[in-house]
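Residues per chain are reported as follows:
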Amino acid sequence: MTPLAAPTTTILVTIDEKTYSADPGETILDVCKREGINIPTLCFLEGVSTVGACRLCLIEIEGTRKLLPACATVVAPFQKVKTNSDRLKKNRRMTLELLFSERNHICSVCVANYNCRLQDLAHEVGMDHVRFPYLFPDCNVDGTNKIYNIDHNRCIMCTKCVRTCDEVEGAHTWDVRGRGFESRIIADFDEAWGTSPTCTLCGKCVSVCPTGALWHKQSVQNNMKKSPEMVSELTAKRGRKG
Amino acid sequence: MAEGLGKKIVINPVTRIEGHAKISLFLNETGGVKDAQFHVDEFRGFEKFCEGRMFTEMPVITPRICGICPVSHSVASAKAGEMIMRISPPPGGDRLRRLIHLGQTISSHALSFFHLSSPDMLMGWDSDPASRNIVGLAEKFPDLAKRGIRLRKFGQDISLHVTGKKIHTYGIVAGGMQSPITEEGRKAMLDGVAEAIETTKMGLDIFKKYRDANLKEVDSFANFETLYMGTVGPEGELELYDGKLRFMDAGGKIVGDQLDPAKYLDYIVERPVSFSYLKYPYYKPLGYPNGFYRVGPLARLNMASKIKTQLAQAYLTEFKQMGNGRPVHGTFYYHFARLIEMLMAIEQVKALLDDPNILSKEVFAKGFRNQSEGVGSSEAPRGTLFHHYTTDESGVLTKVNLLIATGQNNPGMNRSVLEVAKQYVDGNNLKEGMLNRVEAAIRCYDPCLSCSTHAIGSMPLSIEVLDHEGQLVRVVKRNG
Ligand code: SF4
Ligand code: FES
């Protein structure tokens, strides 16, 4: 028996007052990317699973009071989407301010200065200051790995490293412990990265990390170039998407 | 307020210096100055908050201590890191680091002399404080003021060409430099050399003319004997970037020579005092307080056996003559020494730019942590600077000690304030010009107080006068 063919009907969605066609199962972010509509994202990484954690890609859908993440919301017929309303702009800026206030981000001395997704987005939304009190958590730098360092001060808990390590490298060295403000990225059973028996030193996590949290020991201020597309290309070659 | 009793005058914050300071003058019953204290109240705990960072990050963190001598901090940091990694930079990286360090010396010295100190010499100590500054200078001596500003820019532009930034420079790393320079950059830097030399000579002339006209005042201005410390090259020559330490006693005898800066703790002890966040360092073999020493331009020129560049050597000979075979102890001579150093720095910049290694593409040596401790030193414009790091096995810093030039000059600055206050301040008839002289004693050292207490920011100055019962008689506050 031939399986039922997936419905091939094209779906029409309206994004910012213009109508586009989309394939069923596509996310709003997929459509926007294809059509060149800019939606800021932080935790989304082409090639690994989607978690909808950072809430930066939130969009408005007519008829729904809640804001929804474009990366994790699939298109539906006749959806009317807004990607750039005042409400969204305010929301994005607030989200970024909260991210900055949560840990200790000092761009001027960071390896990823000028090569940082978080910093770029702050510029993009015009975040000229942070209105929330900084929490200054006590975070450490783990320098025990031979080649790389992890600085929890700069981590935004996007979990790109966790997903990449698990889904692309297959090592699952990284994971998350704790909840909310207390959550931290951990190596294996929360041990020093340098003693991890699972880490293959492949460096994919370092490439996908959007901030200066994961960095190469040889890097110094503002010369740590990140290359998340490396992972996306790799997974595309392997014939896998998301 | 009790009149006629012992009083204390407090100058806070000191104008035209970098950082935040306060001067207290204690008067005796007859209105003369009995004692003086120079306080630094600010403390930013730089040493503490660097703990927990990777040692490789220090060359970009520590320049933030100070906006005037960031390169010296970066260089000392990078050297400490290199000791931890047990590597040294390739010749190209070494030359570039020297170049940028000289650039900073020039911009800092130009700022100190033309912007901050020359107004006293050119406009007069007692002239209107509102115009006794670079703005007033620009009105009265527009050509000179512009030249002074361009000279400072010449130094800053070296930073710009070498690292892409004028102030908190990027690119100095443990192992060398992050990137090479271009031929266009080299040419652009060379272009400014001739005028920079001319302007510095004009500065030297200003000093010499002032000295000739006011010899007694210049010679007696905070003239007191101390030891001196600084870096010299292998032949005892003046060296601003890398070398060994020399100590000279008040009579001019070299009491320590070719000492390894990494062993600074063998020769220097820091003693905390109650009234200031700055500590009182002294030369260990002579103990406290006989071991007080001064650092910076005056110290370096007193100790240098020679200068290896032609123009500056001629002035060094003159300087030595002023001391009559003994060290020059007069604090006012810091200015002269500073100008001579600046001349040498410009000559060295030219020599470096003509060195083929300067365009080398090999500027960085890779390395990993190989030992726990590292010490780096450099001659900051204000004097010798030490960075001492201890790391754990992963390279995370567990202890940071920064011994800064202004900290080492602290005993000297206190003494200078006292000497000048005794000479000029009359508690019964306080005049602005008197207090300006007291500040000027501090300005001779060109102290970067923000850096010596590891704080950031430039602030104005004030002086307080208090009687012997601690009653405030007068406060003089001015904006910087
Ligand atoms: S270490 Fe980097 S990639 Fe991993 S969660 Fe933190 S910010 Fe994201
Ligand atoms: S990118 Fe969609 S929630 Fe992070």
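Everything that follows concerns the structure shown earlier in this document.
Treat the numbers as computed from the prediction; the structure is a model and nothing was measured.

### Structural notes on the overall build of chain A
Helix and strand counts for chain A come out as six helices and ten strands. Taken against the 2.2 N^0.38 rule, which gives 18 Å for 242 residues, the C-alpha radius of gyration of chain A at 19 Å falls within 12% of a compact globule. Excluding contacts between residues fewer than 6 apart, the proportion of contacts in chain A whose partners are at least 24 apart in sequence is 63%. Summing over all exposed atoms, chain A offers an accessible surface of approximately 12100 Å²; the carbon and sulfur share of this is 55%.

### A few points about the packing of aromatic side chains
Under the criterion given, the structure shown has 20 aromatic pairs over all chains. Taken together, a centroid distance of 5.9 Å and an interplanar angle of 20° make the contact between Tyr-148 of chain A and Trp-193 of chain A stacked. Of this pair, Tyr-148 of chain A sits in strand β7 (residues 148-151) while Trp-193 of chain A sits in the loop between β9 (184-187) and α5 (204-208), and the two are 45 residues apart along the sequence. Look at Tyr-148 of chain A and you get buried, because its relative accessible area is 8%. Judged by relative accessible area, Trp-193 of chain A falls into the buried class, the value being 2%. In this structure, Lys-79 of chain B packs its charged tip against the face of Tyr-241 of chain B, placed 4.6 Å from the ring centre. Looking at Arg-294 of chain B, its charged tip hangs above the ring of Phe-224 of chain B, at a distance of 4.2 Å from the centre.

### A closer look at the site of ligand 1
Around ligand 1, the neighbouring residues are Cys-155, Ile-156, Met-157, Cys-158, Thr-159, Cys-161, Ile-185, Cys-209, Pro-210, Thr-211, Ala-213 and Leu-214 of chain A. Partitioning the shell around ligand 1 into residue classes produces ten nonpolar, two polar and no charged.

### Examining the pairing of β9 of chain A
Residues and elements named next belong to chain A. Because side chains alternate across β9, one face comprises the buried residues Arg-184 and Ile-186, and the other comprises Ile-185 and Ala-187, equally buried. Two strands pair when backbone bridges link them, and strand β8 (residues 174-177) and β9 are joined in this way by four bridges, in the antiparallel orientation. Bridge pairing in β9 places Arg-177 opposite Arg-184.

### Focus on the packing of helix α4 (residues 91-123) of chain B against helix α8 (residues 193-213) of chain B
Residues and elements named next belong to chain B. Where α4 contacts α8, the two axes come as close as 10 Å, and the packing angle between them is 30°. By the angle class used here, α4 and α8 are roughly parallel. The two elements α4 and α8 meet at a crossing, and its hand is left-handed. Contact residues: α4 offers Phe-113, Phe-114, Met-121 and Leu-122, while α8 offers Thr-199, Gly-203, Ile-206, Phe-207 and Tyr-210. Of the residues in the contact of α4 with α8, the class split is seven nonpolar, two polar and no charged.

Quick notes on the rules
- Residues numbered from 1 in each chain as written.
- Chains lettered and ligands numbered in written order.
- Predicted model: local features only at pLDDT ≥ 70, side-chain atom pairs only at ≥ 80, totals over all residues.
- Heavy atoms only, no water.
- Helix = DSSP H or I, 4+ residues; strand = E, 2+ residues; numbered from the N terminus.
- Rg over C-alpha atoms; globule rule 2.2 N^0.38 Å.
- Contact = heavy atoms within 4.5 Å.
- Areas by Shrake-Rupley, 256 points an atom, 1.4 Å probe, with all protein chains shown as cover.
- Phe/Tyr/Trp six-rings, centres within 6.5 Å; stacked < 30°, edge-to-face > 60°.
- Buried < 20%, exposed > 50% of the residue type's maximum accessible area, 1.4 Å probe, protein only.
- Lys NZ or Arg CZ within 6 Å of the ring centre and 35° of its normal.
- Near = heavy atom within 4 Å.
- Nonpolar A, V, L, I, M, F, W, Y, C, P; charged D, E, K, R; others polar.
- Pairing = 2+ DSSP bridges.
- Axes fitted to C-alpha atoms, helices over the stretch in contact; angles between N-to-C directions.
- Parallel < 35°, antiparallel > 145°, perpendicular 65-115°, else oblique.
- Left-handed = near helix turned anticlockwise from the far one by under 90°.

From the geometry alone we can't say anything about function, so treat these as descriptive.
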